[in-house]
Amino acid sequence: MASIRPPAVAGMFYPADPDELRQQVQSLLAAARSDPLNQPLSDQPKALIVPHAGYLYSGATAARAYALLQPWRQIIRRVVLLGPNHRVPLRGLAAPSWDGFASPLGTIPVDQSALAQLEDLPQVQCSDPPHLLEHALEVQLPFLQCTLENFQLVPLVVGQADARAVAEVLDRLWDGPETLVVVSSDLSHFLHDSQARPTDQHTAQAILTLEASLRGEQACGAMPINGLLRSARHHHLEPRCLELCNSSRSTGDRERVVGYGAFVLLPEHKS
């Protein structure tokens, strides 16, 4: 019998009702596609960096990145999904033992053959506790289910791990156009809006220049982002910032905000 990781934050970070959830995600994606600033791409995205707060706060920002996947929904067959650990202390990266990850929209199979490629890496362990209550990966699942067709998931929670260790994992799984990398991360936390904006601009600039030296106060997913940036430099990817904002946009509270950014990484154009 297949073992499935059940949703942990349905009804809190996003709707638990499948119809309501699908309608909300599709509305967010439609709004992102209709935005004239969200231009169609001529190249297939290789990686995304997206936020993981409740959809009320960061769903529109995440949709800016996911909306770009539409032309390649049948090509992408595997998603390597990385995010930080919020609940369980962790050294290295944690892969799950489950056969699938469920959301209210259904179950996504875990790519066991991909995980088998990581078994000899000392920074990767098989451990379910870091995944059990972790929202950073879970909130991405409905977006993936609404933008892609048949795909498998490689879910990895990233704890204390340097850029080299994370990049080694990504390089093992890099492959071709059938593989998409998604890193789940919010940006600055609980600064005043006047401080958060320049802080997040600095973080965005580091991402755009592939500087794999982000710290936890700049992004809760600094570890997986740094690994992605290191791999992106090696594979000649070009990052673009799609949106940069914070929670004050939805709450009106400028005293303690959380920063959100959406980025896409594309094949570099040689001049």
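Structural data are supplied above this passage.
This section reports on the structure supplied with the text. (Residues numbered from 1 in each chain as written. Predicted model: local features only at pLDDT ≥ 70, side-chain atom pairs only at ≥ 80, totals over all residues. Heavy atoms only, no water.)

Quick look at the packing of aromatic side chains
Then, number 1: The full count for this structure, using the stated rule, is 4 aromatic pairs.
Then, number 2: Of the aromatic side chains, those joined through ring pairs into one cluster are Tyr14, Tyr55, Tyr66 and Phe143.
Then, number 3: Positioned above the aromatic ring of phenylalanine 190 is the side chain of arginine 256, whose terminal nitrogen or guanidinium carbon lies 4.6 Å from the ring centre. (Phe/Tyr/Trp six-rings, centres within 6.5 Å; stacked < 30°, edge-to-face > 60°. Lys NZ or Arg CZ within 6 Å of the ring centre and 35° of its normal.)

Some thoughts on the sheet that holds strand S1 (residues 4-5)
Then, number 1: Taken in spatial order, the 3 strands make up an open sheet running S1-S5-S6, and their pairing is mixed. Each having just a single partner strand, S1 and strand S6 (106-109) make up the two edges of the open sheet.
Then, number 2: Note that S1 and strand S5 (residues 100-103) share 2 bridges and pair parallel. Paired with arginine 5 across the strands is phenylalanine 101, a residue of S5. (Pairing = 2+ DSSP bridges. Helix = DSSP H or I, 4+ residues; strand = E, 2+ residues; numbered from the N terminus.)

Considering the pairing of strand S2 (residues 47-50)
Then, number 1: Residues Ala47 and Ile49 point to one face of S2 and Leu48 and Val50 to the other, with burial holding for every one of them.
Then, number 2: Pairing of S2 with strand S9 (residues 179-184) involves 4 bridges; the strand directions are parallel. Note on S9: the bridge partner recorded for leucine 48 is valine 182.
Then, number 3: Taken together, the 3 bridges between S2 and strand S12 (residues 257-267) define a ladder with antiparallel strand orientation. Along S12, the bridge assignment pairs leucine 48 with valine 264. (Buried < 20%, exposed > 50% of the residue type's maximum accessible area, 1.4 Å probe, protein only.)

Shape is all these values report; function is a separate question.
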